[in-house]
Amino acid sequence: MTQLPEPDVDPEDGRPESETQRADRNWNEILQELRVTQTGTQLISGFLLAIAFQQRFSQLDGFQVGFYLVLVTLAAGCTALGLAPVALHRELFRHHEKVETVSIANRLLRITLALVALLTSGVVFFVFDVTLGRAPAIVAGCAVLLVLILLLVVFPAVVLRRLRGKQGGTSGTSGRPA
């Protein structure tokens with residue numbers, strides 16, 4: 001039995017690819033993004049774990065110890081969320097569910113980015129709190145969080161809005177990963 005080729009999923013996007021080919025390409029792009037976030041999360045996690053074994057750790061006040069433990073938990077959560085798409089792919093492998101895998105992985109990666117932003121700003125807050133005090137820590141932590149919100153949320157939204165304006169809002173507005 002001869003199988004007909006899949007039609008171009010979006011003839012207007014400039015990529016002659018089937019839905020399966022698009023899902024494969026999107027999955028590979030998500031994997032690259034996961035590698036970047038996982039590396040950053042692992043570095044932060046290593047930094048956090050090393051702190052507990054420093055002599056000065058016993059000098060932290062109750063708030064700092066609690067905040068430190070929140071950061072460690074957040075780092076573990078980021079790691080788990082970054083691994084979840086891989087585990088999902090392993091479970092759905094060869095079940096012809098790549099489109100659904102990509103959709104779920106996309107959502108998980110977005111959540112991971114939000115948590116990494118919280119983790120990063122929290123680490124800055126923690127370091128400033130231990131070294132300079134609570135007031136500078138609040139300023140530094142909030143400043144880093146603001147920069148991350150601008151870079152991870154506002155900037156991509158502005159670029160997308162600008163691109164959609166150039167295209168007349170017709171191409172790539174399905175809400176699905178491109």
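Thresholds applied
Residues numbered from 1 in each chain as written. Predicted model: local features only at pLDDT ≥ 70, side-chain atom pairs only at ≥ 80, totals over all residues. Heavy atoms only, no water. Helix = DSSP H or I, 4+ residues; strand = E, 2+ residues; numbered from the N terminus. Rg over C-alpha atoms; globule rule 2.2 N^0.38 Å. Buried < 20%, exposed > 50% of the residue type's maximum accessible area, 1.4 Å probe, protein only. Contact = heavy atoms within 4.5 Å. Areas by Shrake-Rupley, 256 points an atom, 1.4 Å probe, with all protein chains shown as cover. Lys, Arg positive; Asp, Glu negative; His and termini not counted. Charge placed at Lys NZ, Arg CZ, Asp CG, Glu CD. Phe/Tyr/Trp six-rings, centres within 6.5 Å; stacked < 30°, edge-to-face > 60°.

### Remarks on the overall build of the protein chain
- Along the protein chain, the regular secondary structure elements total four helices and zero strands.
- In the protein chain, the succession of helices and strands from N to C terminus is α-α-α-α.
- The C-alpha atoms of the protein chain give 21 Å as radius of gyration, which overshoots the globular expectation for 178 residues (16 Å, by more than 25%).
- Along the first, second and third principal axes, the C-alpha set of the protein chain runs to 70 × 40 × 15 Å.
- Expressed as a percentage of the 178 residues in the protein chain, the buried residues total 29%.
- A sequence separation of at least 24 residues applies to 67% of the contacts in the protein chain between residues at least 6 apart.
- Summed over its atoms, the accessible surface of the protein chain is roughly 11600 Å², and 65% of this surface lies on carbon and sulfur atoms.
- Taking the average location of the 16 positive side-chain charges in the protein chain and that of its 15 negative ones, the two points are 6 Å from each other.

### Things to note about the environment of Gln 64
- You can see Gln 64 is positioned in helix α2 (residues 62-92).
- The spatial distance from the C-alpha of Gln 64 to the C-alpha of Val 130 is 7.7 Å, given a sequence separation of 66 residues.
- Ignoring sequence-local partners within four residues, the contact set of Gln 64 consists of Phe 126, Asp 129, Val 130 and Arg 134.

### Looking at the packing of aromatic side chains
- Tallied over the full model, the rule gives five aromatic pairs.
- Pairing Phe 67 with Phe 125 gives two aromatic rings, centres 4.8 Å apart and planes at 55°, and the pair type is tilted. Here Phe 125 lies in helix α3 (residues 98-131) and Phe 67 lies in helix α2, a separation of 58 residues in the sequence.
- Each residue in the set Phe 57, Tyr 68 and Phe 126 is aromatic and connected to the rest through ring pairs, giving one cluster.

Bear in mind that shape data such as this cannot, by itself, settle questions of function.
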